[in-house]
Amino acid sequence: YFKILKNKNFKIIVLTEFHKSFLIKQGFDKKNIFVQHNLIKIKNEKEANLEKDYIVYAGRISKEKGVEELIKSFLNIQNKKLKLKIVGSGPSLRSLQKKYNDPNIQYLGQMKNSDVVNLIKNSLAVVTATKLYEGQPNILTEASLLGVPSVFPEFGGMPEFFNDEYSLMFEQYNYDELTKKINQVSSLRYSNDIGNMNMNYIKTIINEEKNLEKFNFFLNE
């Protein structure tokens with residue numbers, strides 16, 4: 001597959017500079033690789049609830065997504081009124097429900113995207129402890145577009161969707177630090193400030209007009 005893609009006639013679109021660097025290390029010609037973010041549009045019609053008392057994980061419920069590590073970190077936080085809402089399904093769902101049957105953890109199953117968007121909008125933050133090299137995680141992008149902060153591991157291409165001074169990333173596999181970051185977002189004022197910063201930043205890199213201009217330039221090179 002790599003041999004085919006290394007053909008000079010192929011132009012390759014990737015989601016992050018991290019992915020581009022990875023391919024260059026594999027021997028791909030950097031002139032044929034173009035970074036293009038996914039354009040995401042979400043309806044933001046309803047007013048957000050000011051009484052925010054929960055954080056959200058939305059995605060596959062599986063070992064490689066680090067959901068159990070997220071739950072363990074959450075159970076160690078200082079704010080015992082904060083809730084964790086887990087959206088999605090997967091092979092680990094039933095075992096986690098049985099093992100972590102806590103009143104502050106809600107397993108919501110599969111939901112329509114519009115309902116997930118409203119859930120995120122009214123949350124203090126979204127959070128992931130994924131162990132994978134994610135491309136452009138929808139939950140992080142959607143949260144930023146809604147003015148909601150994200151807590152995530154600092155590795156792969158995920159940091160590229162946030163400014164250089166972003167303070168809610170944690171060291172990959174350092175779950176004590178994850179607990180500390182969740183403690184930070186439990187402050188509503190702090191959460192709002194970070195969320196607004198994220199919204200302004202994501203709009204500069206996911207801009208339909210600029211992205212289309214970049215895309216056409218790449219095709220015509």
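Residues numbered from 1 in each chain as written. Predicted model: local features only at pLDDT ≥ 70, side-chain atom pairs only at ≥ 80, totals over all residues. Heavy atoms only, no water.

Visitor: Hey, could you run me through the overall build of the chain in this one?
Guide: Tallying secondary structure elements over the chain gives 9 helices and 8 strands in all. Relative to the 2.2 N^0.38 estimate, which gives 17 Å for 221 residues, the radius of gyration of the chain is 19 Å and therefore close to what a compact globule would have. The dimensions of the chain, computed from C-alpha atoms along their principal axes, are 55 × 35 × 30 Å. Within the chain, the proportion of its 221 residues that are buried is 47%. Put simply, of all contacts in the chain between residues at least 6 apart along the chain, 66% involve residues at least 24 apart. Taken as a whole, the chain presents about 12,600 Å² of accessible surface, with 49% of it coming from carbon and sulfur. For the chain, the distance from the average site of its 32 positive side-chain charges to the average site of its 25 negative ones is 5 Å. (Helix = DSSP H or I, 4+ residues; strand = E, 2+ residues; numbered from the N terminus. Rg over C-alpha atoms; globule rule 2.2 N^0.38 Å. Buried < 20%, exposed > 50% of the residue type's maximum accessible area, 1.4 Å probe, protein only. Contact = heavy atoms within 4.5 Å. Areas by Shrake-Rupley, 256 points an atom, 1.4 Å probe, with all protein chains shown as cover. Lys, Arg positive; Asp, Glu negative; His and termini not counted. Charge placed at Lys NZ, Arg CZ, Asp CG, Glu CD.)

Visitor: Would you take a moment to explain the nonpolar core for this structure?
Guide: Judged by nonpolar contacts, the single largest core of 54 residues is most densely connected at Ile55, Ile71, Ile86, Ile120 and Leu178. Among the elements that make up this core, the one with the highest residue count is strand β3 (residues 54-58) (5 residues). Those residues within four positions of Ile86 in sequence are excluded, and the remaining contacts are Tyr57, Ile61, Val67, Ile71, Ile105, Gln106, Tyr107, Leu108 and Gly109. Listed in part, the 7 residues of the second largest apolar core include Leu5, Ile12, Ile33 and Val35. (Core = buried A, V, L, I, M, F, W, Y, C linked by side-chain atoms within 4.5 Å.)

Visitor: Would you take a moment to explain the layout of surface pockets for this structure?
Guide: One water molecule sets the probe size; rolling that probe over the atoms shows where empty space is left. By volume, the largest pocket is sized at about 270 Å³. For the lining of the largest pocket, the elements supplying multiple residues, two or more each, are β3, α5 (113-121) and α6 (138-145). Considered class by class, the residues forming the lining of the largest pocket number 8 nonpolar, 5 polar and 4 charged. (1 Å grid on protein atoms, 1.4 Å probe; cavity = no way out; pocket = protein on both sides within 12 Å on 5 of 7 lines; lining within 4 Å. Points joined across faces, edges and corners; volume = space filled by probe spheres on them. Nonpolar A, V, L, I, M, F, W, Y, C, P; charged D, E, K, R; others polar.)

Visitor: Explanation requested: the side chain of Lys65 in the structure shown.
Guide: Take Lys65: it is sitting in the loop between β3 and α3 (67-75). Among the polar contacts made by the side chain of Lys65, one reaches the side chain of Glu134 at a distance of 2.8 Å. Discounting chain neighbours no more than four positions away, the residues touching Lys65 are Tyr57, Arg60, Thr128, Ala129, Thr130, Lys131, Leu132 and Glu134. (Polar contact = N/O pair within 3.5 Å; in protein donor to acceptor, adjacent residues only side chain to side chain.)

Visitor: Honestly, the pairing of strand β5 (residues 105-109) in this entry has me stumped. Any pointers?
Guide: Side chains on a regular strand alternate between the two faces of the sheet. The alternating pattern of β5 places Ile105, Tyr107 and Gly109 on a buried face, while none of Gln106 and Leu108, on the opposite face, is buried. Here 4 bridges tie strand β4 (residues 83-87) to β5, and the two strands are oriented parallel to one another. Paired with Lys85 across the strands is Gln106, a residue of β5. The parallel pair β4 and β5 is bridged by helix α4 (residues 93-99), and the resulting crossover is right-handed. (Pairing = 2+ DSSP bridges. Right-handed = clockwise from strand over helix to strand, strands pointing away.)

Visitor: What am I meant to see in unusual backbone geometry here?
Guide: When glycine is set aside, most residues are seen to have a negative phi, and most peptide bonds are trans. The phi dihedral of Tyr173 falls on the positive side, at around 75°, and the residue is not glycine. In this structure, Tyr173 sits in the loop between β8 (169-170) and α7 (175-185).

By themselves, these observations are geometric and do not establish any function.
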